[in-house]
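# Report on the structure
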Amino acid sequence: MFSDYTFTAADRFLRYVQIDTQSDPQSSSFPSTEKQKDLSRILVEELRQIGIADAHMDEWGYVYATIASTTDKKVPVICFCAHVDTASDCSGTNVKPILHKNYRGDDIVLPDDKTQVLKLTEYPYLEKQIGNDIITASGATLLGSDDKAGVAEIMDLANFLQSNKEIRHGEIKILFTPDEEIGKGVAHVDMKKLGADYGYTLDGGEKGSLEDETFSADGVQLIIHGVIAHPGYAKGKMINAMKIAGHILDALPKDRLTPESTEGKRGFIHPVRVEGVAEKCEIDFIIRDFETPGLKKKEDFLRTLVEETLRLHPKASFEYIVTEQYRNMKEVLDLHPRVVDYAKEAIERAGLEMKMESIRGGTDGSRLSFMGLPCANLFAGEQAIHSKLEFISVQDMNKAVETMVHLVQIWEEKS
Ligand SMILES: [Zn+2]
């Protein structure tokens, strides 16, 4: 099926990464940076060239497009989604991608900053890339494979299906979003216009990997009210809220329940911001767990710790405000097992070893799942993301395209 097809994902990728699309967590506009639309406009143009007439960008910078069904069967509408923005951890301006053909396992020294060296010993996944063609940045910036790999792969899927119309599949929706990296990627998605039944984000790492789980997440805002007095006449009166806050932070567990001490399926309580004066001090926490009841346990634990500390300062008081942030998408995906089952099968048909993984964070997919579009995350080949050592192989990108082609056929076959 793929033997006489020339994959275009890598060529597209090499072009897309040169367009600066960094999002900005400080911005209050949407999209957070106008420059994200520079890439979105190109994507619309290219989709139209491929023959997808309804491709367009809306006022918010979302790209919507439809690949028409090629079957008489009634097949659920599948959406493939990727984000155009890159993270603010590392510069995304003047990205100069370099293609290293036929990688041999040697260190790759990046030319624009020779201290940036990609080593097989530090990135063992490189072992699987020997003989493959690897793309890196030049050392001064990130590469942007997160998630321009996903974007390029979906574009190539569209190109493949448009030029191989004998392949049977239902209607397919394409969605490219801005601002995923700042957690706002789905804020203005028009679900009705999108009109999809199930979705896949193309925003994962290692080939063959599939993610159906994210953290469940809450935020806790703790406001401590002290008692203020003139410091010269404060004896027996003043209660310093900042000192209570210090107490609480010091009393938090150190070797468990922290991001620094946990991995795998364990969650945590993590203070992310402190702000205050003697009269009033606020601490913001993020609470993470794969099980939603586990969040509640952690919130109760933290609350008890706060109460015990405050008991030492009876004149002080506190407010404890829990806000839901997002939920583990598995809660939704378990109700729609076909989404994950068919993806597993597609990965196997692409000749890859399937690897189930869970994401220690949230994704657009977890939010979309709870907005009515059950969504799993497929591998895109991204490695060492948000860093100057980011890399991806051309072969992994092509495998992601193959996997999607199998996936849309499986949905058709089983409908
Ligand atoms: Zn991403």
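Residues numbered from 1 in each chain as written. Predicted model: local features only at pLDDT ≥ 70, side-chain atom pairs only at ≥ 80, totals over all residues. Heavy atoms only, no water.

Let us now look at the environment of threonine 141. Relative to the elements of secondary structure, threonine 141 occurs in the loop between β7 (134-136) and α3 (145-163). What makes threonine 141 buried here is its relative accessible area of 3%. In this structure the C-alpha to C-alpha distance between threonine 141 and methionine 397, which are 256 residues apart in sequence, comes to 21 Å. (Helix = DSSP H or I, 4+ residues; strand = E, 2+ residues; numbered from the N terminus. Buried < 20%, exposed > 50% of the residue type's maximum accessible area, 1.4 Å probe, protein only.)

This part is about the coordination of the zinc ion. Around the zinc ion, the protein contributes the donor atoms His83 (NE2), Asp146 (OD), Asp203 (OD) and Asp203 (OD), which lie 1.9 to 2.6 Å from the metal centre. Of note, the donors binding the zinc ion are all from one chain and are spaced H-x62-D-x56-D. With a gap of 63 residues between them, histidine 83 in strand β3 (residues 78-83) and aspartate 146 in helix α3 connect regions that are remote in the sequence. For the pair histidine 83 and aspartate 146, a shared accessibility class is recorded, and that class is buried. (Donors = N, O, S within 2.8 Å, 3.2 Å for Na, K, Ca; no water.)

Here four strands make up an open sheet; going across it, the order is β12-β13-β11-β14 and the pairing antiparallel. The strands lining the two open edges of the sheet, one partner per strand, are β12 (268-276) and β14 (317-326). Along the sheet, successive strands turn relative to each other by an average axial angle of 20°, direction set aside. Bridge analysis of strand β11 (residues 216-225) against strand β13 (residues 280-289) gives ten bridges, and the strand direction is antiparallel. Residue histidine 225 lies in a different strand from β13, and its bridge partner there is lysine 280. Docked against the sheet, helix α5 (residues 241-251) engages β11, β12 and β13, running at close to 25° with respect to β13. (Pairing = 2+ DSSP bridges. Axes fitted to C-alpha atoms, helices over the stretch in contact; angles between N-to-C directions. Contact = heavy atoms within 4.5 Å.)

Here we take up the packing of aromatic side chains. Aromatic ring pairs are defined here through the distance separating the ring centres and the angle between the ring planes. According to the stated counting rule, one finds 13 aromatic pairs in the structure shown. Look at phenylalanine 2 and phenylalanine 160: their rings are 5.2 Å apart centre to centre, the planes differ by 35°, and that puts the pair in the tilted class. Here phenylalanine 160 lies in helix α3 and phenylalanine 2 lies in the segment before α1 (9-16), a separation of 158 residues in the sequence. Judged by its relative accessible area of 13%, phenylalanine 2 is buried. Taken together, the ring pairs in this structure connect Phe2, Tyr5, Phe7 and Phe160 into an aromatic cluster. Here the guanidinium or amino end of lysine 193 rests over the ring plane of tyrosine 64, the centre of that ring lying 4.1 Å away. Positioned above the aromatic ring of phenylalanine 290 is the side chain of lysine 265, whose terminal nitrogen or guanidinium carbon lies 5.7 Å from the ring centre. (Phe/Tyr/Trp six-rings, centres within 6.5 Å; stacked < 30°, edge-to-face > 60°. Lys NZ or Arg CZ within 6 Å of the ring centre and 35° of its normal.)

Our focus in this paragraph is unusual backbone geometry. Following phenylalanine 30, the chain continues into proline 31 via a peptide bond in cis, with omega recorded as -5°. The topology assignment puts proline 31 in the loop between α1 and α2 (36-50). Backbone torsion omega between aspartate 146 and aspartate 147 reads 15°, so that peptide bond is classified as cis. Relative to the assigned elements, aspartate 147 resides in helix α3. At asparagine 94, a position not held by glycine, the phi torsion is positive, near 55°. Relative to the assigned elements, asparagine 94 resides in the loop between β3 and β4 (98-100). Here the phi dihedral of histidine 386 falls at roughly 65°; this positive angle occurs in a residue that is not glycine. Within the fold, histidine 386 resides in the loop between β16 (375-379) and β17 (391-393).

Turning to the pattern of salt bridges, a few remarks are in order. In the structure shown here, the tally under the stated rule is 26 salt bridges. For arginine 273, the salt bridge identified is with glutamate 275, shortest N-O distance 2.6 Å. A salt bridge links lysine 296 to aspartate 300; the shortest N-O distance between them is 3.0 Å. Separated by four residues within a single helix, lysine 296 and aspartate 300 lie in helix α6 (residues 292-311), roughly one turn from each other. Judged by relative accessible area, lysine 296 falls into the partly exposed class, the value being 48%. Salt bridges linked by common partners bring Arg273, Glu275, Lys280, Glu282 and Asp284 together as one network. (Salt bridge = Lys/Arg side-chain N within 4 Å of Asp/Glu carboxyl O.)

Take the sheet that holds β3 next. In spatial order, the strands read β1-β2-β8-β3-β9-β16-β10-β15; together these eight strands make up an open sheet with mixed pairing. Strands with a single pairing partner mark the edges of an open sheet, and in this sheet they are β1 (56-57) and β15 (355-359). Bridging between strand β2 (residues 63-67) and strand β8 (residues 172-177) involves five bridges; their strand directions are antiparallel. Looking at β8, one finds that alanine 65 is bridged to isoleucine 174. Sheet strands in contact with helix α8 (residues 338-349) are β9 (198-204), β10 (209-214), β15 and β16, and its direction is about 50° off that of β9.

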